[in-house]
Structures are given as structure tokens and as C-alpha cells.
Amino acid sequence: MAPTRDSLGCFITAHLARVKCIVSKGNPRITFFYLLFFIRRNFIMDHKLYLRRCIEIADEAVASGNNPFGALLVDSKGDIIVESGNIEITEKDCTGHAETTVMRKATKLYSKEFLWDCTLYTTAEPCCMCTGAIYWGNVGRVVFGITEKQLLELTGSHEKNPTFDVPCREVLAKGQKNIEVIGPINDVDLQEEIVKIHRTFWK
């Protein structure tokens, strides 16, 4: 489960109080390294937490008769506000990828200004269509587990998912928004958790 607004807020407040104490002692070098540690220790961990939830959503998608993909949207406070697995098969919707479905739901609920401060997490790198939905929906950051190229190696030419080999960064580079992209996740074990479901599914 994702950290709640209260728990995450208290955690950050406690650490910022410690930073304030360090600053008051006049040691900018220690302050810099503590801030670096804080950012790396906690926000990287958060990425993994949300991606593990995406894996659970992907498992649920398979159980419901769909393809093994999961995505979710997190607001600036760390709350999960929208999530979806792939719905392409059961809904007979060619646009029913997890990320596009999340964006379709999100844009009906929130303004573009609000969404710019949100992060979309997804098990696999968004395809061209999903990247377009993220762009037009105005989400400011994307975090993915494995690359499109890794996915292509797993799916091959399977008729259910004839995977593109186009990095989302290349798609976004042709646009006019500075959307941050983080991925693939720098964790071999977590990547293996994502890959594992695909190895058996696409045979």
C-alpha cells in the first residue's frame, strides 16, 4: 500500500526539521550530503513501492482476462489517485492500455494544472499511444519498470501485442513539454518481478 498523506507528510517534516538543525550549525557540506541521502533514500524507495503496486495491478489484469500491464497515478502528496490494468481484451478497446486508461480516467477528474504535478508509474515503458495520452493529459513525470525494447524481446511478434521499439523519450522530445522520464528502474530484482509474468504470458 502507498504511504498515506499523513504518514508521508510527518516523515518528511521530521527529516526537514533535522536538515534545519544541521543548517543552523553552519555546515553546508554536511547539509548537502544529508539532503542528497534523503532524496536518494526515500524518493527512490517510493518509486519501487509504486512500481510494485503496478505489478499487482498487472497480475489482476491477467486474472481478469487482459494483458499483463499495470499503471497508476500519484499526486504531489504521494497519494495514489487513479490506477488501472490493461483492459484491451475484455473491453474490446484497442486503446485499452493501462497508461492510456489511467489518463482517460484522470483527465475526467482533474485539471491539467493539477496533473502536471503528478507522476504516472507503469510496469513497462509507455508505447507511442500511451506517451501521447500522457503528453496531452499534461502529466509532468513518468516512471517505468522495463523498457519497450525489453518488452519487445519478451513479446516478439505476438498478435496480442506487436510491440513498438520506440523509446518514450524520443516521442516526448518531439513535443513542447519538459516531461521528466525515469526508467528503466535501477533495480535488477524489481525488473525481474516485472519480466517474470511476461515470460509465461506470451508463449
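Just above sits the structure.
Remember, it's a predicted structure, so these values are computed and weren't measured experimentally. Every chain is numbered independently, its residues counted from 1 as its sequence is written. Only residues with pLDDT of at least 70 get local features here, since the model is predicted, and only at 80 or more are side-chain atom pairs given and counted; chain-wide, interface and lining totals rely on the full set of residues. Hydrogen atoms and water are omitted, and side-chain values are computed over all heavy atoms in the structure.

**Observations regarding the nonpolar core**
Residues grouped as a nonpolar core are buried Ala, Val, Leu, Ile, Met, Phe, Trp, Tyr and Cys residues, joined through side-chain atoms within 4.5 Å. Each residue's exposure class comes from its accessible area (1.4 Å probe, protein chains only) as a fraction of the maximum for that residue type: buried when under 20%, exposed when over 50%, partly exposed otherwise. Grouped together as the largest cluster of nonpolar side chains are 38 residues, with contacts concentrated most on Leu 72, Leu 73, Leu 120, Tyr 121 and Val 139. Elements with a minimum of two residues in this core: helix 2 (28-63), strand 1 (70-74), helix 3 (98-109), strand 3 (119-124), helix 5 (128-137), strand 4 (141-146), helix 7 (168-173) and helix 8 (188-201). For this core, the element with the most residues is helix 2, which contributes five residues. The contact criterion used is simple: two residues touch if any of their non-hydrogen atoms lie within 4.5 Å. When neighbours within four sequence positions are excluded, Val 139 is seen to be in contact with Leu 73, Met 103, Leu 115, Trp 116, Cys 118, Thr 119, Leu 120, Ile 134 and Ile 179. Strands here mean DSSP runs of E at least two residues long; helices mean DSSP runs of H or I at least four residues long; both are numbered from the N terminus.

**Focus on the pattern of salt bridges**
A carboxyl oxygen of Asp or Glu within 4 Å of a side-chain nitrogen of Lys or Arg is what we treat as a salt bridge. In the structure shown here, the tally under the stated rule is seven salt bridges. A salt bridge links Arg 53 to Glu 83; the shortest N-O distance between them is 2.6 Å. Taken as a pair, Arg 53 in helix 2 and Glu 83 in strand 2 (residues 80-85) lie far apart in primary sequence, 30 residues in all. Looking at Glu 83, the relative accessible area reads 30%, which means it is partly exposed.

**Some thoughts on unusual backbone geometry**
Excluding glycine, most residues fall at negative phi; most peptide bonds, likewise, are trans. Here the bond from Gly 183 into Pro 184 is cis, since omega is 0°, no more than 30 degrees from zero. By the element assignment, Pro 184 lies in the loop between strand 5 (180-182) and helix 8. One non-glycine residue with positive phi stands out, namely Lys 92, at about 50°. For Lys 92, the position within the fold is in the loop between strand 2 and helix 3. Judged by its relative accessible area of 77%, Lys 92 falls in the exposed class. Phi at Asn 138 is positive, roughly 75°, even though this residue is not glycine.

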